[in-house]
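Examination of the molecular architecture
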Amino acid sequence: MDVTDKCAALRARKTEGPSIAALTAWDYPTARLLDESGVDLILVGDSLGMVVLGFPDTTYVTIEHMVHHIAAAARGCQKALLVGDLPIHSYDNDYATVKNACLLIEAGAEAVKLEGGVEQAGKVRALTEEGIPVIGHVGMLPQSVREEGGYLRKGRSAEELSILIEGASALEDAGCFAIVLESVVEQSARKITKQVTVPTIGIGCGTGNCDGEIAVTSDVIGSYPWFVPPFATSRADVAGEITKSVAAYVAACQKSKPS
Ligand code: KIV
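An account of the accompanying structure is given in this report. In this text, all values refer to a predicted model and were calculated from it rather than measured experimentally. (Residues numbered from 1 in each chain as written. Predicted model: local features only at pLDDT ≥ 70, side-chain atom pairs only at ≥ 80, totals over all residues. Heavy atoms only, no water.)

Overview of helix 2 (residues 28–36)
Count 3.6 residues to each turn of an α-helix, and residues three or four apart come out pointing the same way. The set of residues buried in helix 2 consists of Thr30, Ala31, Leu34 and Asp35. All buried residues of helix 2 lie within an arc of 125 degrees about the axis, which places them on one face of the element. Exposed residues pointing more than 90 degrees away from the buried face of helix 2 are listed as Leu33 and Glu36. Buried positions along helix 2 lie against strand 1 (20–24), strand 2 (41–44), helix 4 (63–76) and helix 10 (217–221). Once helix 2 finishes, Gly38 follows within two positions and takes phi at roughly 95 degrees, a positive value. (Buried < 20%, exposed > 50% of the residue type's maximum accessible area, 1.4 Å probe, protein only. Helix = DSSP H or I, 4+ residues; strand = E, 2+ residues; numbered from the N terminus. Arc of directions from axis to C-beta. Contact = heavy atoms within 4.5 Å.)

Below is the structure:
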C-alpha cells in the first residue's frame, strides 16, 4: 500500500473498525519486530529522548535526533505507517514546520505528528498543502511539561473539554487524518472522539474511549523501569531479562579465566 492508501485505511477504521493499534519505535530491530507483529502505525516519537537518550523529558530532542532514529526505524518498517514526531521548536512557524517535516520525510517517515490544538491549524494546512500527512496531538502535551510544571491530566472541567474539542476540530478541519489524545479523562476523551470524524488514538485515556490506542513500547515491554506512567500496562519484563542474562554472562566470564 502507498502512503495515501495507508492513511485512508487508518481513517476508515473510525467507522469500520477494528480499533487502531499503534506503538513507538526508535531503531531498526524494534520497528521490524513491531511491524512483523501486526502493529498498524509505528511512531518514532520524541519520547525517545527519555527512553533511549536518557534526557529528563522530550524538550531536549532535536531534529537531528529524530532524523537519525527515523532512518533506522524506516529500514525495519514495511507494512505499518511510519510517523515521525516533530520535536520542540522545529515547528515554531510555517516555514520551519514544512522544512523540518521534509527532513523527517526524507529520512523515511510517511507522516508527521505535532503537538497542540487551534494554534497549530495553520501549520497543519501548510504541511498538507505540501502533500505531507499529519497527525495532531491534543490533551497533555509532553513538550509543554516545563511550562505546565508536570504531566497533568486534561479535560477535567467543561472549560478544558471545550478547549480540547475546539483544538481537535481545528486540526481535523486543517487536514489531520488522525489525532492523538494524551492523558485526557475518560469521559472527555469519549466526547472528543464522538465530535471529530477522524480517528482518535488514545494514550492514558482509559480503554474504549478512542478509536485506537498508542503506547510507548518500552512501557509495554518493560525495558525502561525507571519511569513508567501510572496508566501504562507492562506486558513483559525486558529490563529484568537483560539484568538476569548479563549477570549470567558476567558469572560465566569470571569462571572462564585460564588457570
Ligand atoms: O513521543 C511519543 O512517544 C508520543 C506518544 C506518547 C503519543 O508522542
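Observations regarding the packing of aromatic side chains
Within this structure, the stated rule accounts for three aromatic pairs. On the basis of an interplanar angle of 10 degrees and a centroid distance of 5.2 Å, the ring pair of Phe55 and Tyr60 is categorised as stacked. The exposure class of Phe55 is partly exposed, given its relative accessible area of 25%. Centre to centre, the rings of Tyr151 and Phe227 are 6.4 Å apart; their planes meet at 35 degrees, and the pair counts as tilted. Here the residue Tyr151 occupies a position in the loop between helix 7 (145–148) and helix 8 (158–174), and Phe227 occupies one in the loop between helix 10 and helix 11 (238–255), the gap between them amounting to 76 residues. Relative accessible area serves as the criterion here: at 40%, Phe227 is assigned to the partly exposed category. Lying over the aromatic face of Tyr60, Arg146 brings its terminal NZ or CZ to 5.1 Å of the ring centre. (Phe/Tyr/Trp six-rings, centres within 6.5 Å; stacked < 30°, edge-to-face > 60°. Lys NZ or Arg CZ within 6 Å of the ring centre and 35° of its normal.)

Observations concerning the sheet that holds strand 8 (residues 212–215)
The sheet built from eight strands closes into a barrel, its strands ordered 1-2-3-4-5-6-7-8 with parallel pairing. Strand-to-strand twist across the sheet, computed as the mean angle between neighbouring axes with direction ignored, equals 25 degrees. Looking at chain direction, strand 5 (residues 134–139) and strand 6 (residues 178–182) are connected through five bridges and run parallel. Note that in strand 6 the partner of Ile135 across the bridge is Ala178. (Pairing = 2+ DSSP bridges. Axes fitted to C-alpha atoms, helices over the stretch in contact; angles between N-to-C directions.)

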